[in-house]
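The lines below spell out each chain.
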Amino acid sequence: ELPAVELCVRASNQIATTAARDPDGSVDKVMHFLESIPRLPPVEWDSLVSNVINIWILEKSDQGADPSAAGRLIRFIQDERCQMDAHVLT
């Protein structure tokens, strides 16, 4: 049995990767997932959100597509420093 954090990380990675690789994929699926799951402890939560932002940017960049939709995920980050880091990436 996986801990909740690990389960959420694996699921979010899969959702973000699948949606980002789809040429018509939308960040809305990732947002819906983040809105649907219970909040993890702050450090783990911010790490999870930062990770899906990175996935979105990398996958879209690999396609030569615009990764800027990742910026819509920043609002889910709780720590201000992590938010600033995410803004730099997007």
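Everything below is about the structure printed above this text.
Here goes a summary of the coordinates provided. (Residues numbered from 1 in each chain as written. Predicted model: local features only at pLDDT ≥ 70, side-chain atom pairs only at ≥ 80, totals over all residues. Heavy atoms only, no water.)

## Here's the deal with the environment of Ser-12
Phase 1: Relative to the assigned elements, Ser-12 resides in helix α1 (residues 4-21).
Phase 2: Through-space distance from the C-alpha of Ser-12 to that of Asp-79 is 19 Å; in sequence the pair is 67 residues apart.
Phase 3: Apart from residues lying up to four places away in sequence, Ser-12 is in contact with Phe-33, Leu-48 and Val-52. (Helix = DSSP H or I, 4+ residues; strand = E, 2+ residues; numbered from the N terminus. Contact = heavy atoms within 4.5 Å.)

## Quick notes on the packing of α1 against helix α3 (residues 42-62)
Phase 1: As a packed pair, α1 and α3 sit with axes 9 Å apart at the nearest point and diverge in direction by 20 degrees. As the angle between them shows, α1 and α3 are arranged roughly parallel. When the axes of α1 and α3 are compared, the crossing they make is right-handed. Contacts between α1 and α3 pair Val-5, Cys-8, Val-9, Ser-12, Asn-13, Ala-16, Thr-17, Ala-19, Ala-20 and Arg-21 from the former with Glu-44, Leu-48, Asn-51, Val-52, Ile-55, Trp-56, Glu-59 and Lys-60 from the latter.
Phase 2: Classifying every residue of the contact of α1 with α3 gives ten nonpolar, four polar and four charged. (Axes fitted to C-alpha atoms, helices over the stretch in contact; angles between N-to-C directions. Parallel < 35°, antiparallel > 145°, perpendicular 65-115°, else oblique. Left-handed = near helix turned anticlockwise from the far one by under 90°. Nonpolar A, V, L, I, M, F, W, Y, C, P; charged D, E, K, R; others polar.)

## Quick look at the nonpolar core
Phase 1: With 25 residues, the main nonpolar core has Val-30, Leu-34, Trp-45, Val-49, Ile-53, Leu-73 and Phe-76 as its most contacted residues.
Phase 2: Examining the composition of this core, we find that eight residues originate from one element, α3, more than from any other.
Phase 3: Discounting chain neighbours no more than four positions away, the residues touching Trp-45 are Leu-34, Ile-37, Pro-38, Arg-39, Leu-40, Phe-76 and Gln-78. (Core = buried A, V, L, I, M, F, W, Y, C linked by side-chain atoms within 4.5 Å. Buried < 20%, exposed > 50% of the residue type's maximum accessible area, 1.4 Å probe, protein only.)

## Remarks on the side chain of Asp-46
Phase 1: Assignment of secondary structure puts Asp-46 in helix α3.
Phase 2: Of the side chains with opposite charge, Arg-39 lies nearest to the buried Asp-46, which makes no salt bridge, at 6.6 Å.
Phase 3: Residue contacts for Asp-46: discarding those within four places in its chain leaves Phe-76, Ile-77, Gln-78, Asp-79 and Cys-82. (Lys, Arg positive; Asp, Glu negative; His and termini not counted. Salt bridge = Lys/Arg side-chain N within 4 Å of Asp/Glu carboxyl O.)

## Focus: the pattern of salt bridges
Phase 1: Here the structure, examined in full by the defined rule, presents five salt bridges.
Phase 2: With a closest N to O distance of 2.6 Å, Asp-28 and Arg-72 form a salt bridge. With a gap of 44 residues between them, Asp-28 in helix α2 (residues 28-36) and Arg-72 in the loop between α3 and α4 (80-89) connect regions that are remote in the sequence.
Phase 3: Residue Arg-72 is classed as partly exposed on the basis of its relative accessible area, which comes to 41%.

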